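Results of the structural survey
For reference, the chains in residue letters:
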Amino acid sequence: MRVAPIACLSDNYAYLLVCPETKEAAIVDPSEPDPVLRAVEQGAGAGDGSARDLEATSRERVNVVAIFATHHHFDHIGGNEAVAAKLGITRIYGHASDKGRIPGQSHFLEDGETFTLGSLLVRALHIPGHTTGALAYHVTREPNAPVVFTGDTLFLAGCGRLFEGDPPMMHASLGKLAALDERTRVYCGHEYTESNLRFAAHVEPSNQAVERARARAQALRKEGKPTVPATIADELAYNPFLRTSSPEIRERLGIAPDAPPAEALGVIRRAKDTFR
Ligand SMILES: [Zn+2]
């Protein structure tokens, strides 16, 4: 399968997801119409080389048939109606509980529900915390490594703010993502990786995986390239929100060794909220 990140607004990513067999495609989180329509026009080769580790891309015609909304925030759904009108899209997916909050929504998904995009199998994972209706789209097609679009719930080296949920909710949602195949490629909603890694280094200074990830992210950003994707294995190695049992993080933030993981996540989240 092919995934091309589309830079939108100041630091958002929309994505073009293409089935290589049928050329059927979906747009994940079209923040604004113009960059998305340009990327579709250019075909699956769009996205400034960031599809580097995917199958060879070519500038081919794709047939966009669906929009996948990860959650209702305007910087993720702002382009829904214009993109759908322009491309004749009639399928707009989102979580069932986001009814009325996602413009043009036609499909109201429950946790675990599956559907297809060409020969790709897509599974909805309900991951509340950032918002109550947050949804990840988990996409598989053998023999490719799976892909997951995590919106503003799991970022590379970070997690979203708890606007509508609480720490136990976010902890359960991140646990669901962390339990995916370790090779799964993570595509998130924002380019926050460098600042997230700065925080990760602050709370877990002896973690060498953080240092390696920082060097990688800095090199990519210097060339103007996205840091996405990372794998679930990468995230388990350096993302402090998946490392609530790390003794170093607990010591640095004054979390008791026997405090429950969800409580630890709440403390880490609050520390990140005020970290500069
Ligand atoms: Zn959001």
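How each quantity is defined
- Each chain has its residues counted from 1, running along the sequence as written.
- Given that this is a predicted model, residues contribute local features only at a pLDDT of at least 70 and side-chain atom pairs are listed and counted only at 80 or more, while totals for whole chains, interfaces and linings are drawn from all residues.
- Excluded from the side-chain calculation are hydrogens and water; included are all heavy atoms of the structure.
- Put simply, DSSP marks the helices as runs of H or I at least four residues long and the strands as runs of E at least two long, and each gets a number from the N terminus on.
- Only C-alpha atoms enter the radius of gyration, while the globule expectation follows 2.2 Å times N to the 0.38, with N the number of residues.
- Partly exposed describes any residue whose relative accessible area lies between the buried limit of under 20% and the exposed limit of over 50%, with all areas from a 1.4 Å probe on protein chains only and scaled to the type maximum.
- Any two residues having at least one pair of non-hydrogen atoms within 4.5 Å are treated as being in contact.
- Shrake-Rupley sampling with a 1.4 Å probe provides the accessible areas, and residues are treated as covered by the protein chains on show and by no other component.
- We treat Lys and Arg as the positive residues and Asp and Glu as the negative residues; His and chain ends play no part in the count.
- Where a charge sits is defined by one atom per residue type, namely NZ (Lys), CZ (Arg), CG (Asp) or CD (Glu).
- Water is not among the atoms examined, so metal sites may look incomplete; donors are the N, O and S atoms within 2.8 Å of the metal, or within 3.2 Å for Na, K and Ca.
- Note on geometry labels: four donors, all angles 85 to 135 degrees, give tetrahedral; four donors become square planar and six octahedral when opposite donors are over 155 degrees apart and every other angle is between 65 and 115; remaining cases are irregular.
- Salt bridge, as used here: a side-chain nitrogen of Lys or Arg that lies within 4 Å of a carboxyl oxygen of Asp or Glu.
- The predictor attaches a confidence to each residue, called pLDDT, with possible values from 0 through 100.
- In protein, a polar contact means a hydrogen-donor-capable atom and an acceptor-capable atom, both N or O and within 3.5 Å, with residues adjacent in sequence counting only if both atoms are side-chain atoms; elsewhere, any N or O pair within 3.5 Å suffices.
- DSSP bridges decide pairing: two strands pair if at least two such bridges lie between them.
- Helix axes are fitted only over the stretch in contact, all axes being lines through C-alpha atoms; the angle between N-to-C directions runs from 0 to 180 degrees.
- Roughly parallel means an angle under 35 degrees; roughly antiparallel means over 145; roughly perpendicular covers 65 to 115; every other angle is labelled oblique.
- Take the far helix as the reference: if the near one is turned anticlockwise from it by less than a right angle, the crossing is left-handed, and if turned clockwise, right-handed.

Turning our attention to the overall build of the protein. A count of helical and extended segments in the protein gives 9 helices and 14 strands. What you see for the protein is a C-alpha radius of gyration of 18 Å, in line with the 19 Å of a compact globule of 276 residues. Principal axes of the C-alpha set define a box for the protein whose edges measure 55 × 40 × 35 Å. Within the protein, buried positions represent 56% of all 276 residues. Put simply, 64% of the contacts in the protein that link residues at least 6 apart link residues at least 24 apart. Here the protein has roughly 11,200 Å² of accessible surface; of this, 51% comes from carbon and sulfur atoms. Across the protein, the 30 positively charged side chains and the 35 negatively charged ones have centroids separated by 4 Å.

This part is about the coordination of the zinc ion. For the zinc ion, the full set of protein donor atoms is His-71 (NE2), His-73 (ND1), His-130 (NE2) and Asp-152 (OD), and the range of their distances to it is 2.2 to 2.3 Å. Around the zinc ion sit 4 donor atoms, and with donor-metal-donor angles ranging over 89 to 169 degrees the site reads as irregular. For His-73, a relative accessible area of 17% corresponds to the buried category.

This brings us to the pattern of salt bridges. Throughout the structure, instances matching the rule amount to 11 salt bridges. Arg-214 is paired through a salt bridge with Glu-211; the nearest N and O atoms lie 4.0 Å apart. On the criterion of helical spacing, the pair formed by Arg-214 and Glu-211 is a turn pair, its members being 3 residues apart in helix H6 (residues 208–222). Residue Glu-211 is classed as partly exposed on the basis of its relative accessible area, which comes to 34%.

What follows concerns the confidence of the model for the protein. Parts of the model with low pLDDT should not have their predicted coordinates read in detail. For the protein, per-residue confidence averages 94 on the pLDDT scale, and residues scoring 70 or more make up 94% of the total. Low pLDDT, under 50, characterises residues 46–57; the predicted model gives this stretch 32 contacts beyond four residues in sequence or across chains.

Now for the side chain of Asp-152. Mapping Asp-152 onto the fold places it in the loop between strand S10 (147–151) and strand S11 (154–155). Notably, Asp-152 is buried but unbridged: the nearest opposite-charge side chain belongs to Arg-161, and the N-O separation is 9.6 Å. One polar contact links Asp-152 to His-76, side chain to side chain, over a distance of 2.9 Å. In this structure Asp-152 touches His-71, His-73, His-76, His-130, Cys-159, Gly-160, Gly-189 and His-190, once residues within four positions along its chain are discounted.

In this section: the sheet that holds strand S14 (residues 230–231). Strand order in this open sheet of 6 strands is S7-S8-S9-S10-S13-S14, and the pairing throughout is mixed. Each of the sheet's edge strands pairs with one partner strand only, and the pair in question is strand S7 (114–117) and S14. Both strand S13 (residues 185–188) and S14 contribute to a ladder of 2 bridges, which runs antiparallel. Looking across to S14, one finds that Val-186 is bridged to Ala-230.

What follows concerns the packing of helix H5 (residues 193–203) against H6. For any two helices packed against each other, one specifies the inter-axial angle together with the distance between the axes. The interhelical angle for the contact between H5 and H6, taken along N-to-C directions, is 160 degrees, at an axis separation of 10 Å. Looking at the two axes, H5 sits roughly antiparallel to H6. As for the relative orientation of H5 and H6, their crossing is left-handed in sense. Here Thr-193, Glu-194, Leu-197, Arg-198, Ala-200 and Ala-201 of H5 come into contact with H6, specifically with Val-210, Glu-211, Ala-213, Arg-214, Ala-217, Gln-218 and Arg-221.

Next up on the list: the pairing of strand S1 (residues 2–8). With 6 of its 7 residues buried, S1 lies for the most part within the structure. Sheet topology places S1 next to strand S2 (residues 12–18); 7 bridges connect them, and they run antiparallel. Note on S2: the bridge partner recorded for Ala-4 is Leu-16.

Glancing now at the sheet that holds strand S3 (residues 24–28). Think of a sheet as strands paired side by side through backbone hydrogen bonds, with each pair either parallel or antiparallel. Strand order in the open sheet made by the 6 strands is S1-S2-S3-S4-S5-S6, with mixed pairing throughout. The open sheet is flanked by S1 and strand S6 (107–109), the only strands paired with a single partner. Neighbour-to-neighbour, the strand axes of this sheet turn through a mean angle of 25 degrees, independent of strand direction. The sheet strands contacting helix H1 (residues 33–42) are S1, S2, S3 and strand S4 (63–68), and the helix crosses S1 at an angle near 145 degrees.

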